[in-house]
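Residue-level structural notes
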Amino acid sequence: MTEPPIDVIILGAGAAGLFCAGEAARLGNSVLVLDHAKRLGEKIRISGGGRCNFTNIHTQPTNFISQNPKFCISALKRFTPQDFLDRVNAAGIAWHEKTLGQLFCDTRAQAIIDMLMKAAAAGGAIVQGDTNIKKIGQEGTDFRVETSAGTYQCRSLVVATGGLSIPKIGATGFGYDLARQFGLEVVETRAGLVPLTFDGMILEAAKSLAGVSVDAEISCGRTMFHEGLLFTHRGLSGPSILQISNYWQRGDALSVNLLPSVDLASELSGARQHNGRQTADKVLVQHLPKRLVSQHLNGSDGWKSLAETGNKGLHALAQRFHDWQLYPAGTEGYRTAEVTLGGVDTRALNSRTMEAKSVPGLHFIGEVVDVTGWLGGYNFQWAWASAHAAAMGI
């Protein structure tokens, strides 16, 4: 049996879907949100170490990756981090700023989920989990959505199904398949904001250093991030590595500067003048963990006294720490990726409304679209901004 027509059906009860539901319902639309999961908003719940890094106050279009870098400008301008922060403040959610403009809840991420659910309910939106989509088609200008809970009809269909990252919480490629069904192109997808894996000697070194973390600069081509780096049993992780993973392609080299705030050659030269009998490791352990220094000096002249090491040798030692050249074997994949790069081709969408140009009433928002933000709250801001744009354009 087909239920009475609904103004808006939203597929996906994550950040983008729930926010769009509240915004669309607030404008007087009847709204139904459908999700296959029993526990809704799970990606919000686990984000930011369980405290939800819900936005970044420094958000700019340059913080996003897309085949069409200008696509995100309109939505981001029309719904800013301050706009979402106003909602957070109005809901009485305590928050704090960490480094680099990242805003987190003081308590648990559940506070953000509750805020989104209350906003949706306040406008009369219905949020329905544990519902599988069987088939989607069109009847005239309306959409027909056949599900395990019944068949629904709507004039506007919003796809907020997310990407492929973290499949254990229910991520699927459903949104991409639906886009293709309606004739839209999908930019090739891959894991983003993901740890990098290595093999050979580098892997063995990483295993021996697992758990060690340092401040580092990581470069790939012309792109560089200066944040924490963490050694793991599979390779490298930490914020700097997750950030650069969005730009790294198989075969690319990474340059790792383990001492971005130190002129090591000058410091070694000064130490040699002060006490030439000491070895380089005695200088290095003032800045880096002893285990890392020992591992990184293997096969070098770092164990000679500084007096025995000429200027060329000092510069070579400094280079080992300032420009460590690495070739990752791959990534840990969608299992641990925080986001999915690629997605619904933005050339097929209206940047003001997120509506498919060739299919009136069909909108795509959030991670399913080929717009991917940096680590640090940017992807949540894209979820809010794209959801707001769609709601305003329905």
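Located above this text is the structure these notes cover.
Here's a quick rundown of the structure. (Residues numbered from 1 in each chain as written. Predicted model: local features only at pLDDT ≥ 70, side-chain atom pairs only at ≥ 80, totals over all residues. Heavy atoms only, no water.)

1. Remarks on the packing of aromatic side chains
Following the criterion strictly, the structure yields 13 aromatic pairs and no others. An angle of 90° between the planes, with centres 6.3 Å apart, marks the rings of Phe64 and Tyr378 as edge-to-face. Taken as a pair, Phe64 in strand 4 (residues 64–65) and Tyr378 in helix 13 (residues 378–393) lie far apart in primary sequence, 314 residues in all. Here Phe143 and Phe182 contribute two aromatic rings whose centre-to-centre distance is 6.0 Å and whose plane-to-plane angle is 70°, an arrangement assigned as edge-to-face. Within this pair, whereas Phe143 is found in strand 9 (residues 142–147), its partner Phe182 is found in the loop between helix 6 (174–181) and strand 11 (186–192), the two being separated by 39 residues in sequence. Comparing Phe143 with Phe182 shows no difference in burial state: the two are buried. One aromatic cluster is present, built from ring pairs that chain together Phe19, Phe54, Phe79, Phe84, Phe380 and Trp384. Sitting above the plane of the Phe104 ring, Lys98 keeps its charged end 4.6 Å from the centroid. (Phe/Tyr/Trp six-rings, centres within 6.5 Å; stacked < 30°, edge-to-face > 60°. Helix = DSSP H or I, 4+ residues; strand = E, 2+ residues; numbered from the N terminus. Buried < 20%, exposed > 50% of the residue type's maximum accessible area, 1.4 Å probe, protein only. Lys NZ or Arg CZ within 6 Å of the ring centre and 35° of its normal.)

2. As for unusual backbone geometry
For Leu100, which is not glycine, the phi dihedral falls at a positive 60°. One non-glycine residue, Ile166, adopts positive backbone phi at about 60°. On the secondary structure map, Ile166 appears in the loop between strand 10 (150–159) and helix 6. Classification of Ile166 as buried rests on a relative accessible area of 12%.

3. Re the pairing of strand 13 (residues 213–220)
The two faces of strand 13 differ: Val214, Ala216, Ile218 and Cys220 on one face are buried, but Ser213, Asp215, Glu217 and Ser219 on the other face are not. As judged from the 8 bridges shared by strand 13 and strand 14 (residues 223–231), these two strands associate in the antiparallel manner. Bridge pairing in strand 14 links Glu217 to His226. Hairpin remark: strand 13 followed by strand 14, antiparallel, with 2 residues in the connecting loop; positive phi at Gly221, about 65°. In terms of strand pairing, strand 13 meets strand 16 (residues 254–257) through 3 bridges, oriented antiparallel. Bridge assignment links Ser219 to a residue of strand 16, and that residue is Ser255. (Pairing = 2+ DSSP bridges.)

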